[in-house]
Amino acid sequence: MAGSGAVSSRLALALAALAALAAVKYYRDAEAARQQELALKSLGSEGLFLFSSLDTNNDLYLSPEEFKPIAEKLTGVTPVSEFEEEETPDPTGETLSIVAKFQPLVMETMTKSKDGFLGISHVALSGLRNWTAPAAHKSVMLAKQFKAFLPPKNKVDLGDPWWIIPSELNIFTGYLSNNRFYPPPPKGKEITIHRLLSMFHPRPFVKTRFAPQGSVACIQAISTFYYAIAFRIHAEFQLNEPPDFPFWFSPGQFTGHIILSKDSSHVREFKLFVPNNRSLNVDMEWLYGASESSNMEVDIGYLPQMELESTGPSVPSVIYDENGNVIDSRDPSGEPIQFVFEEITWQQEIPWEEAAQKLEVAMYPFKKVSYFPFTQAFERAKAEKKLVHSILLWGALDDQSCSGRTLRETVLESSPILALLNESFISSWSLVKELEELQTNRENEFYSKLADLHLEKYNFPVEMIICLPNGTVIHHINANYFLDITSMKPEDVESSVFSFSNNFDDPSTATYLQFLKEGLQRAKSYLQT
């Protein structure tokens, strides 16, 4: 009986503890709701929207650090950061001069321009329209600051990627808030990237709202004293400030290279740029209300030029003679002393294209499958007697100006899909805009017909297509429909459309695998001839 009583007492205590925890949670939730209601009453919806964009930890209080962007805006004074205080220029160190080149977005390339931006307020686009030049045309940085680009000790092989700024987001973590105006203070290696991007615009975010975030690099060439390093950066800019609503400007990517000494004391070359080889290369998103759930407009456009480049190698800020005395940096005629630099002999190197591909796979694992240009994919499929797995979409699939985020972050990078695509298909992705241009190009009737057959099946925003090498479409599915059916229970899906396989726990992977296999089945007669 005594044992039974003890068990009852413990059970009662446990229940009491649970009840107390529930009561505390209820009280905290009720208090949070009350505080939110008071804040809304006091500030109004637009005032609360602005307050929330500064209140990064959502505690309804602004710390000095959270208030800092507003203080800087009102006073016009930017306090020196701890990092900058620590990095007092070394009088014997070298400095690198960098110039910014910028051509603004071509407004006519935005889809909203086709109807004259009907229904879009002038205020919403003001930050974009007013951004016509870089924030700083020229900047001088310490060579040592580029130490951020050096490889860690375990990443000194050619083409072996490492993260300068790691990506912290994935399909499970979701994305960061749209309701923000001011970047968080950069830390560590972020500081160098932030300073470089600030030459374009005063509000760069070195970590994007959507995955994959961050900056990745790999060694392209090695000499006795130097590395040539290729890098890729995913960053975005906030173009508006209060009282306007946020406007996000997300270039597809920044890429480039740096040649620097292994101790980072000397930088021979530096270049960073947004690739402009595709017809669309920037994603834009802007809010139309004073809350995170407000309506958001999305568009895409073309940016002709956005680049940073060193004017030459880094040079000493102070020059010493052989006795250690400081000498004038100009010759007797008043001209700057010209430095002569030794030629670098590379002992190992890989082509730029190979280095860029390594970085692309690090950012996007789905690119373990080769995706060929549209017309080349059909030529290759004909030669190898395979089907074409084609993705037609509004924005690029393999950069941040994208309308296929969910697709690339789930099914396309799953092992079963990668294996089947590599074995049985030639893959390609294309922009709708580029196929529309190809469709009207009558110089090559076959290519025009291929584009025509694709566009007949396209529905916004993304269409996945399986076709024969002659362009005949044998199967296709829209991304929105695909996402709808994979979010349903298996028993609720019409078996005549797609069926779930019991071999995979993930319904998205199972359904896409079924889609590919059905394409192979429908093309069986062709593949056997």
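Since the structure is predicted, the reported quantities are computational estimates derived from the model, not experimental observations.

(A) Structural view of the overall build of the protein chain. A tally of regular secondary structure across the protein chain gives 14 helices and 22 strands. Counting every position in the protein chain, which comprises 529 residues, the buried fraction comes to 46%. Excluding contacts between residues fewer than 6 apart, the proportion of contacts in the protein chain whose partners are at least 24 apart in sequence is 70%. Here the protein chain displays about 27000 Å² of accessible surface, and carbon together with sulfur accounts for 54% of that area.

(B) Representation of the pairing of strand E13 (residues 305-310). Sheet topology note: the strand E1 (residues 94-103)/E13 ladder contains six bridges and is antiparallel. Looking across to E13, one finds that Phe 102 is bridged to Met 306. Pairing analysis gives three bridges linking strand E10 (residues 267-273) to E13, with the strands arranged antiparallel. By the bridge assignment, Leu 272 is partnered in E13 with Leu 308.

(C) How the structure looks around the packing of aromatic side chains. Following the criterion strictly, the structure yields 22 aromatic pairs and no others. Their ring planes at 65 degrees and their centres at 4.9 Å tell us that Phe 205 and Trp 248 sit as a pair that is edge-to-face. Of this pair, Phe 205 sits in strand E4 (residues 204-205) while Trp 248 sits in strand E8 (residues 247-251), and the two are 43 residues apart along the sequence. Each ring, one from Trp 394 and one from Phe 460, has its centre 5.5 Å from the other, and the planes form 70 degrees; the classification is edge-to-face. Of this pair, Trp 394 sits in the loop between strand E19 (387-393) and helix H8 (405-409) while Phe 460 sits in the loop between helix H11 (445-457) and strand E21 (462-467), placing them 66 residues apart in sequence. A connected cluster of aromatic rings, assembled from ring pairs, spans Phe 102, Trp 131, Phe 200, Phe 237, Phe 249 and Phe 254. Looking at Lys 262, its charged tip hangs above the ring of Tyr 227, at a distance of 5.1 Å from the centre. Lying across the ring of Phe 273, Lys 271 places its NZ or CZ 5.5 Å from the centre.

(D) Spatial organisation of the sheet that holds E19. An order of E18-E20-E19-E21-E22 is seen for the five strands of this open sheet, with the pairing classed as mixed. Every interior strand has two partners, whereas the edge strands, strand E18 (371-372) and strand E22 (473-478), have only one. Taken together, the five bridges between E21 and E22 define a ladder with antiparallel strand orientation. Of the residues in E22, the one forming a bridge with Ile 466 is His 475. Its contacts with the sheet put helix H9 (residues 415-424) on E18, E19 and strand E20 (425-431), and the angle it makes with E20 is roughly 105 degrees. Strands in contact with helix H12 (residues 479-486) are E21 and E22; relative to E22, the strand with the most contacts, it is inclined by about 65 degrees.

(E) Spatial organisation of helix H13 (residues 507-522). Here H13 is 16 residues long and its end C-alpha atoms lie 22 Å apart, about the 22 Å a rise of 1.5 Å per residue gives. Along H13, the positions that sit buried rather than exposed are Ser 508, Thr 509, Ala 510, Thr 511, Tyr 512, Leu 513, Phe 515, Leu 516, Glu 518, Gly 519 and Leu 520.

(F) The pattern of salt bridges, seen in detail. Within this structure, the stated rule accounts for 16 salt bridges. Of the charged contacts, one joins Lys 207 and Glu 190 as a salt bridge, the two residues approaching to 3.4 Å between their closest N and O atoms. Taken as a pair, Lys 207 in the loop between E4 and strand E5 (214-222) and Glu 190 in helix H5 (residues 190-197) lie far apart in primary sequence, 17 residues in all. The class for Lys 207 is buried, based on a relative accessible area of 19%. Among the salt bridges present, the one from Glu 434 reaches Arg 278, with a minimum N-O distance of 2.7 Å. You can see Glu 434 sitting in helix H10 (residues 432-439) and its partner Arg 278 sitting in the loop between E10 and strand E11 (282-287), a full 156 residues away along the chain. Among the charged side chains, a salt-bridge network with shared partners connects Lys 112, Glu 297 and Asp 299.

(G) Spatial organisation of the sheet that holds strand E12 (residues 296-301). Taken together, the five strands give an open sheet; going across it, the order is E4-E7-E8-E11-E12, and neighbouring strands pair in antiparallel fashion. Every interior strand has two partners, whereas the edge strands, E4 and E12, have only one. Pairing geometry for E11 and E12, over six bridges, is antiparallel. Paired with Leu 287 across the strands is Met 296, a residue of E12.

(H) A look at the packing of H12 against H13. Between H12 and H13, whose axes approach to 9 Å, the crossing angle comes to 125 degrees. When the axis of H12 is compared with that of H13, the two are oblique. In the packing of H12 onto H13, the handedness of the crossing is right-handed. For the pair formed by H12 and H13, the contact residues are Phe 482, Ile 485 and Thr 486 on the first element and Pro 507, Ser 508, Thr 511 and Tyr 512 on the second. Counted by class, the contact of H12 with H13 contains four nonpolar, three polar and no charged residues.

(I) Expanded view of the packing of helix H7 (residues 374-384) against H11. One can describe the packing of H7 onto H11 by two numbers: an axis separation of 11 Å at closest approach and a directional angle of 100 degrees. Viewed along their axes, H7 and H11 adopt a mutual orientation that is roughly perpendicular. Contacts from Phe 374, Thr 375, Phe 378 and Glu 379 in H7 reach Tyr 447, Leu 450, Ala 451 and His 454 in H11. Class assignment for the residues of the contact of H7 with H11 results in five nonpolar, two polar and one charged.

(J) The arrangement of H12 in detail. The set of residues buried in H12 consists of Ala 479, Phe 482, Ile 485 and Thr 486. Relative to the axis of H12, the buried residues are bounded by an arc of 130 degrees and lie together on one face. Residues of H12 that are buried in the fold lie against E21, E22 and H13. For H12, the N-terminal capping position is held by Asn 478, with its side-chain oxygen 2.9 Å away from the main-chain nitrogen of Asn 480.

(K) Quick look at the nonpolar core. Tyr 371, Ile 391, Leu 412, Met 464, Tyr 512 and Leu 516 are the most contacted members of the largest nonpolar core, which totals 63 residues. With near-sequence residues (within four places) excluded, Tyr 371 lies in contact with Phe 366, His 389, Ile 391, Leu 397, Leu 412, Leu 421, Ser 427, Ser 428 and Trp 429. Membership of the second largest hydrophobic core comes to 52 residues, among which are Met 110, Leu 128, Ala 217 and Ile 258.

(L) Fine view of the side chain of Lys 207. At 3.4 Å, the side chain of Lys 207 forms a polar contact with the side chain of Glu 190. Beyond its immediate stretch of four places on either side in the chain, Lys 207 contacts Ile 165, Pro 166, Glu 168, Glu 190, Gln 213 and Glu 236.

(M) Layout of unusual backbone geometry. Residue Pro 212 is bonded to the preceding Ala 211 through a cis peptide linkage, with omega at -5 degrees. Take Pro 212: it is sitting in the loop between E4 and E5. Cis geometry is adopted by the peptide bond preceding Pro 461, which originates at Phe 460 and carries an omega value of 0 degrees. Within the fold, Pro 461 resides in the loop between H11 and E21. Not every positive phi belongs to a glycine, and Ser 264 is a case in point at roughly 60 degrees. Although it is not a glycine, Lys 385 adopts a positive phi angle of roughly 55 degrees.

Thresholds, definitions, all that
- Residues numbered from 1 in each chain as written.
- Predicted model: local features only at pLDDT ≥ 70, side-chain atom pairs only at ≥ 80, totals over all residues.
- Heavy atoms only, no water.
- Helix = DSSP H or I, 4+ residues; strand = E, 2+ residues; numbered from the N terminus.
- Buried < 20%, exposed > 50% of the residue type's maximum accessible area, 1.4 Å probe, protein only.
- Contact = heavy atoms within 4.5 Å.
- Areas by Shrake-Rupley, 256 points an atom, 1.4 Å probe, with all protein chains shown as cover.
- Pairing = 2+ DSSP bridges.
- Phe/Tyr/Trp six-rings, centres within 6.5 Å; stacked < 30°, edge-to-face > 60°.
- Lys NZ or Arg CZ within 6 Å of the ring centre and 35° of its normal.
- Axes fitted to C-alpha atoms, helices over the stretch in contact; angles between N-to-C directions.
- Expected span 1.5 Å × (residues − 1).
- Salt bridge = Lys/Arg side-chain N within 4 Å of Asp/Glu carboxyl O.
- Parallel < 35°, antiparallel > 145°, perpendicular 65-115°, else oblique.
- Left-handed = near helix turned anticlockwise from the far one by under 90°.
- Nonpolar A, V, L, I, M, F, W, Y, C, P; charged D, E, K, R; others polar.
- Arc of directions from axis to C-beta.
- Polar contact = N/O pair within 3.5 Å; in protein donor to acceptor, adjacent residues only side chain to side chain.
- Core = buried A, V, L, I, M, F, W, Y, C linked by side-chain atoms within 4.5 Å.

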